[in-house]
Amino acid sequence: MSDTQTLIENRPPSVAGLFLERVAATPDAEAYRYPVPATSGEGPDAWKSLSWAQAAERVFAIAAGLIELGVQPEQRVALASATRVEWILVDLGILCAGAATTTVYPQTNADESTFILSDSGSRILIAEDAAQLAKAREKRAELPELTHVVVIDPAGVETGQAGETDDWVLTLAELEQRGAAYLEKNPDLIKERVASITRDQLATIIYTSGTTGRPKGVRLPQDNWSYMAKAISATGLLGPEDVQYLWLPLAHVFGKVLTSGQIEVGHVTAVDGRVDKIIENLPVVQPTYMAAVPRIFEKVYNGVAAKARAGGGAKYKIFLWAAEVAREYAKVTQDNFRRTGVANAPFGLAAKHKVADALVYAKIREAFGGKLRACVSGSAALAPEIGYFFAGAGIHILEGYGLTESSAASFVNPGEAYRTGTVGKPLAGTEVRIADDGEILLRGPGIMEGYHGLPEKTAEVLESDGWFHTGDIGELSPDGYLRITDRKKDLIKTSGGKYIAPAEVEGQFKAVCPYVSNILVHGADRNFCTALIALDEPSVLEWAKENDLAGKSYAEVVAAPATLALIEGYVKELNEGLQRWQTIKKFRLLPRDLDIEHGEITPSLKLKRPVVEREYKHLIDEMYAGSREA
């Protein structure tokens, strides 16, 4: 048996157990960094740290406080909060109490939040602030099982409202005080609770963002997270000296799995979920490692391109030249590494790359904090041309793959041997096979127990021998690298019988057009393909200033003939690289960007195709009006 197999097979039954081991091994090492906003509201945030021992003191107090409130093993405690250090401490507190966390996105409306709390049978809600508490209060009559709400940030929170018991609303500080007092009387309480946790005990319910109907609760037992922690450690991508910048939504499985891996490896995590602070935080945090979704890399790429264009024709030409050099350099070095084990480039290309590095790439790396070794990208496909650009610029993006139902991390690219355009190889202990119709099937310790209260839905995707049907289409290289081609249900079949993977076309357009924010390719049962395109507001408004559209609103800019002509040029460029049946014959620019609030993209920034197609049906019908099929 290999060392990796031994490491994974000898895992403890829970992450709570791993947390106790980590605290015992490195109590004084730094565990978490978190921002404290300036008291005046102006100036940079101060950053504070927690050691593993300090984190444990709070985690154990939270766990004991929950137990004192009557929480039993496997009972659900809901957590509705943005990404912040308290999210991690509360989640660990729930796990150390032997209970299970129900994750709720803070953007979720009152109706859907109520459904999740009710469907999961959550007994306690940990709410971030007054806004999250208000949702529970509004629907309290529909939540008879909810015995308490614990508020992390008490600003503006009023307690003791009519019909509420004295402690129906508590602050997190009060819960920790009660827990600390309870621990004084029961000093072995947490160790005993953690020791009694079994592998198959429920740890987390994460509700998938359903594109139609109600979301489904994915039941992930304790062993899933313990396995993930060990498997991430076994990749060798991270070490105890690393600094992770964690901003992803922790209610999403991708963010959540990163907390498990960190406990096993023991590195520092800087936590701040404010997406508008990413650019400001990177030079301060100086991460060596960061996980993100493709939209973030697309925004950075578009921002760099727009800045170069704003600097004048000469600067923009230099950028375009450097971008091509980066892509060529990345493709050549990756190909050479695959063949020879050495990531080298011919002298002429290496010389051009050195010049481009001084002019362009070094500034990009500096913007990421200057110490970044690697980024992991997941949740959706990254356009290969954008991946190659960053690879050539020295920002190594390791694409990975997984689903909520597989605890997020099933595949990841292996360090130096990464291949842009693939999601790498399976984590140790995970099996993969490709079905006859191209669907990716997975089996292993990361696969869910099933959908909460939905045995029929579970049986549709989970076979009795453990194979899980992902719904994704892909292909494996002879040496085990997986390439995702599309969602099985998203494949378009034109009226001419041709199959098209819309995500592939959409990704290529994002690499060609620096102004795009979101694009949806449509063409199922039609005789040609069309596209709905939303532009990136900051980039296109910057362009507008230089093209006689200064002072116009976003809606006015996208409706202007000059903007349509601009995007038409990029569509023509895209079409030159496509098969005839894939080409975009018509497109429409949307009057606003797609967003989470309108339900058009998920909190992890994935497109909800049915919602967008429903919302803009009139534009789709307009594009096909007058064609033979209309």
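Because the structure is a prediction, the values reported are computed rather than measured.

1. Quick look at the sheet that holds strand β5 (residues 124-127)
Moving on, step 1. Taken in spatial order, the eight strands of this open sheet run β7-β6-β5-β3-β4-β8-β9-β19, and their pairing is mixed. Every interior strand has two partners, whereas the edge strands, β7 (169-171) and β19 (450-451), have only one.
Moving on, step 2. Of the pairings in the sheet, the one linking β5 to strand β6 (residues 148-151) comprises four bridges and is parallel in character. In the strand pairing of β6, I126 is matched with V150.

2. Comments concerning helix α6 (residues 130-138)
Moving on, step 1. By the burial criterion, the buried members of α6 are Q132, L133, K135, A136 and R137.
Moving on, step 2. Two to three positions downstream of the cap, the backbone nitrogen of A131 sits 3.2 Å from a side-chain oxygen, assigning the N-cap of α6 to D129.

3. Let's talk about helix α9 (residues 222-234)
Moving on, step 1. For α9, built from 13 residues, the straight-helix expectation of 18 Å at 1.5 Å per residue is met to within 8% by its first-to-last C-alpha distance of 19 Å.
Moving on, step 2. With respect to burial, α9 is a largely interior element, 11 of its 13 residues being buried.
Moving on, step 3. Every buried residue belonging to α9 is among Q222, D223, N224, W225, S226, Y227, M228, A229, K230, A231 and I232, and all of these are buried.
Moving on, step 4. At the exit of α9 stands G236, carrying a positive phi of roughly 75°.

4. As for the pattern of salt bridges
Moving on, step 1. Counted according to the given criterion, the structure contains 39 salt bridges.
Moving on, step 2. We note a salt bridge from R219 to E449, for which the minimum N-O separation is 2.9 Å. Placement of the pair is R219 in strand β9 (residues 217-221) and E449 in the loop between β18 (439-443) and β19, with a sequence separation of 230 residues.
Moving on, step 3. Residue R219 is classed as buried on the basis of its relative accessible area of 15%.
Moving on, step 4. What makes E449 partly exposed here is its relative accessible area of 38%.
Moving on, step 5. For E431, the salt bridge is made with R443, and the minimal N-O distance between the two is 3.0 Å. Of the two residues, E431 is situated in strand β17 (residues 431-434) and R443 in strand β18; the sequence distance between them amounts to 12 residues.

Rules used throughout
- Residues numbered from 1 in each chain as written.
- Predicted model: local features only at pLDDT ≥ 70, side-chain atom pairs only at ≥ 80, totals over all residues.
- Heavy atoms only, no water.
- Pairing = 2+ DSSP bridges.
- Helix = DSSP H or I, 4+ residues; strand = E, 2+ residues; numbered from the N terminus.
- Buried < 20%, exposed > 50% of the residue type's maximum accessible area, 1.4 Å probe, protein only.
- Polar contact = N/O pair within 3.5 Å; in protein donor to acceptor, adjacent residues only side chain to side chain.
- Expected span 1.5 Å × (residues − 1).
- Salt bridge = Lys/Arg side-chain N within 4 Å of Asp/Glu carboxyl O.

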